Amino acid sequence: MSRFVRSSKFRHVFGKAEKYENCFDNVRISTNAWDTNLVKVNPTFIAINWNAGGGGAFSVIPHKNVGKIHDGIPLYRGHTAPVLDTDFAAFNDYVIASGAEDTKVMIWNIPEELGEPESPDIEPVAKLNGHGRKVGHVLFHPVADNVLASSSADLTVKLWDIEKGQEKQSLQGFVDFIQSMSWNYNGSLLATTCRDKKLRIFDVRSGNVVQEASSHQGIKGSRVVWLGDTDRIVTTGFSKMSDRQLYLWDTVNLDKPLKNILVDTSSGVLMPFYDNDLKILDGNIRYYEFENDELFFLSEYKSTEPQRGMAFMPKRGVNVSECEIDRAYKVSNNSVEPISFVVPRRSDAFQSDLFPPTLSGEPALSADEFFSGKNANPKTISLENGFQAKEKKEFVSAAPKEEEPVSATPKTEKEYQDAYHQLRQENEDLRNQLAQRDVTIRALTIQLEQLKAGSS
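Conventions we followed
- Residues numbered from 1 in each chain as written.
- Predicted model: local features only at pLDDT ≥ 70, side-chain atom pairs only at ≥ 80, totals over all residues.
- Heavy atoms only, no water.
- Helix = DSSP H or I, 4+ residues; strand = E, 2+ residues; numbered from the N terminus.
- Buried < 20%, exposed > 50% of the residue type's maximum accessible area, 1.4 Å probe, protein only.
- Contact = heavy atoms within 4.5 Å.
- 1 Å grid on protein atoms, 1.4 Å probe; cavity = no way out; pocket = protein on both sides within 12 Å on 5 of 7 lines; lining within 4 Å.
- Points joined across faces, edges and corners; volume = space filled by probe spheres on them.
- Nonpolar A, V, L, I, M, F, W, Y, C, P; charged D, E, K, R; others polar.
- Core = buried A, V, L, I, M, F, W, Y, C linked by side-chain atoms within 4.5 Å.
- UniProt positions renumbered as here; feature names shortened; annotations may be inferred.
- Phe/Tyr/Trp six-rings, centres within 6.5 Å; stacked < 30°, edge-to-face > 60°.
- pLDDT = per-residue confidence, 0-100.
- Polar contact = N/O pair within 3.5 Å; in protein donor to acceptor, adjacent residues only side chain to side chain.
- Salt bridge = Lys/Arg side-chain N within 4 Å of Asp/Glu carboxyl O.
- Pairing = 2+ DSSP bridges.

**Q** Teacher, can you tell me more about the overall build of the protein chain here?
**A** Counting its secondary structure elements, the protein chain contains two helices and 32 strands. In the protein chain, which comprises 456 residues, the proportion classed as buried is 49%. Of the contacts formed within the protein chain by residues at least 6 apart in sequence, a portion of 54% connects residues at least 24 apart.

Next up, the structure:
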């Protein structure tokens, strides 16, 4: 055994959970089972998928409102079925997107204050229609303003200009449900994992699959994260024997993983997060340092409370003066617990090696520039003098307003008969569409099996 210990400035990093009074308690976490993390966070707010009756809802709570969350807080309603995912806009802390089982993507302005109990619920400012089945993921672009990706059980990923309310691109080629998405550093490529056990990389403007590979072969969820400004990605998933795995890939050549790490035999889905500033990979909550195509295990944060979901604070929201390099928000059954990751230092001076320039929260491109083919890297800022949150900027969308359905109760027997036959025909049409899609999926599955058999 080697007597040498690898040198790393992160050797002594440790995780510290906040006290009870600084957690978000009495929150009604959604019980819907989908491959999302249930929570998102930015420097001003935390968003939680909410367990609410009468359709779908989520909550957005300012960080200053920690503690026991009172009943009856205003919710973000508008979806007619459970909300599956949310994402804060990358360049406006007061805008959030949501996707739900009702096939809709919605955009919302966030009030500065939480609101009193029984205050009116918040209404969306835009509704984006285009998906044919439930929307499982929404993910804002890392460089271009007002560009959003959404994935759906209709086996597509759509790209939107949310300011204009327009669908700009539809990525296809999936044969099963999409499980996760991750942008590369400049947002020109999008990596996806899918229940068909394939890892795909798309050129999002052409819509073409530029790389594809067989990935984790287990039946449970697989996730992907792009390793910042490198051409490497990491996927997590399960083997056929249900071992939890971590793969490191070269996106230029997906013939086989560069690294295959057997994590353990636990049953929970691994959720990978990457800190591009420090080259640290986090997951469940183990952290690895990425260097020269190696993943070096650093440490692990353990808790007796199982986690249902997790999100990480953008770097501009951490406490630089206390050498807090990351902050996670862990979801349990009825609470969200902040966990700070700290590298102990004796000096009170700004630690530039721990806090290199980080994402500024300012767009480098407009949506029009991006969709016309222009590329740019994200804008960065120094945290040496701290970070000052911007004032609220109201988002306005040109998306056409969805008219409320007019109630037209049948009054005569003929009207009742006409309404009945119309609804029956609509129901039959939907059944036929679903049946046709199932036939297509089965045919594609058979073709894939034949191709596998022919190549073996």
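**Q** Honestly, the environment of Ile381 in this entry has me stumped. Any pointers?
**A** Topologically, Ile381 is positioned in strand E32 (residues 380-381). C-alpha separation for the pair Ile381 and Leu359, spaced 22 residues apart in sequence, amounts to 6.4 Å. Aside from chain neighbours lying at most four places away, what touches Ile381 is Pro357, Thr358, Leu359, Ser360 and Phe387.

**Q** Just to check I follow, could you spell out empty space enclosed by the protein for this structure?
**A** Sizing a probe to match a water molecule and rolling it over the atoms shows the empty space that remains. A complete count under the given rule lists two cavities of 30 Å³ or more for this structure. Considering only enclosed or pocket space, the second largest cavity measures out at about 60 Å³ in volume. Tallied by class, the residues present in the lining of the second largest cavity amount to nine nonpolar, no polar and one charged.

**Q** Please clarify how the nonpolar core should be interpreted in this entry.
**A** For soluble globular proteins, nonpolar side chains are generally found buried alongside one another. Grouped together as the largest cluster of nonpolar side chains are 44 residues, with contacts concentrated most on Phe10, Ile48, Ile325, Val336 and Phe341. Mapped onto this core, the elements with two or more residues apiece are strand E3 (39-41), strand E4 (45-50), strand E5 (57-62), strand E28 (309-312), strand E29 (324-331) and strand E30 (335-342). For this core, the element with the highest residue contribution is E29, accounting for four residues. Apart from residues lying up to four places away in sequence, Phe10 is in contact with Leu278, Ile280, Glu289, Leu298, Ile325, Val343 and Leu354. By size, the runner-up hydrophobic cluster in this structure holds 20 residues, among which are Leu171, Phe174, Val204 and Phe370.

**Q** What is the right way to read the UniProt feature "repeat: WD" (unreviewed entry) in the protein chain from this model?
**A** Sites flagged by UniProt as "repeat: WD" (unreviewed entry) map to residues 76-110, 128-170 and 171-212. Spanning residues 76-110, this segment combines 0% helix with 54% strand, and its end C-alpha atoms are found 9 Å apart.

**Q** Teacher, can you tell me more about the packing of aromatic side chains here?
**A** Geometry of an aromatic ring pair is reported as the spacing of the ring centres plus the angle between the planes. Taken as a whole and judged by the stated rule, the model has ten aromatic pairs. Ring geometry for Phe273 against Phe312: centres 4.8 Å apart, planes inclined by 45 degrees, an arrangement best described as tilted. With Phe273 in strand E24 (residues 273-275) and Phe312 in strand E28, the pair connects residues that are 39 residues apart, well separated along the chain. Side by side, Phe273 and Phe312 carry an identical accessibility label, which is buried.

**Q** How do you make sense of the confidence of the model for the protein chain when you look at a structure like this?
**A** Close inspection of predicted coordinates is inappropriate in any region flagged by low pLDDT. The predicted model of the protein chain has a mean per-residue pLDDT of 86, with 90% of residues at 70 or higher. This stretch, residues 404-409, has a pLDDT under 50; its non-local contacts, to residues over four places away or in other chains, come to zero contacts.

**Q** Would you take a moment to explain the side chain of Gln179 for this structure?
**A** Note on placement: Gln179 falls in strand E16 (residues 178-183). You can call Gln179 buried: its relative accessible area is 4%. A polar atom in the side chain of Gln179 sits 3.2 Å from the backbone nitrogen of Ser222. Once residues lying within four places of it in the same chain are set aside, the contact partners of Gln179 are Asp35, His137, Thr193, Cys194, Arg195, Lys220, Gly221, Ser222 and Arg223.

**Q** Got a minute to help me understand the pattern of salt bridges in this structure?
**A** Any two side chains of opposite charge can pair, so long as their charged atoms come close to each other. Applying the stated criterion to the full structure yields 23 salt bridges. Counted as one network, the salt bridges with shared partners bring together Asp231, Arg232, Asp250 and Asp293.

**Q** Quick question: what am I supposed to make of the sheet that holds E3 here?
**A** Each strand in a sheet pairs with another by means of backbone hydrogen bonds, the pair being arranged parallel or else antiparallel. Here four strands make up an open sheet; going across it, the order is E3-E4-E5-E7 and the pairing antiparallel. Of all the strands in the sheet, the pair left with one neighbour each is E3 and strand E7 (76-77). Where E5 lies against E7, two bridges are found, and the strand directions are antiparallel. The partner of Ala57 across the bridge, within E7, is Arg77.

**Q** It is not clear to me how unusual backbone geometry should be interpreted in this structure. Could you clarify?
**A** Excluding glycine, residues mostly have negative phi values, and the peptide bonds linking residues are mostly trans. Of note, the phi angle at Leu38 is positive, near 70 degrees, even though the residue is not glycine. Checked against the element boundaries, Leu38 lands in the loop between strand E2 (24-25) and E3. Residue class for Leu38 comes out buried when judged on its relative accessible area of 8%. Of note in the backbone geometry, Leu155 takes a positive phi value of approximately 70 degrees without being a glycine. Assignment of secondary structure puts Leu155 in the loop between strand E13 (147-152) and strand E14 (157-161).

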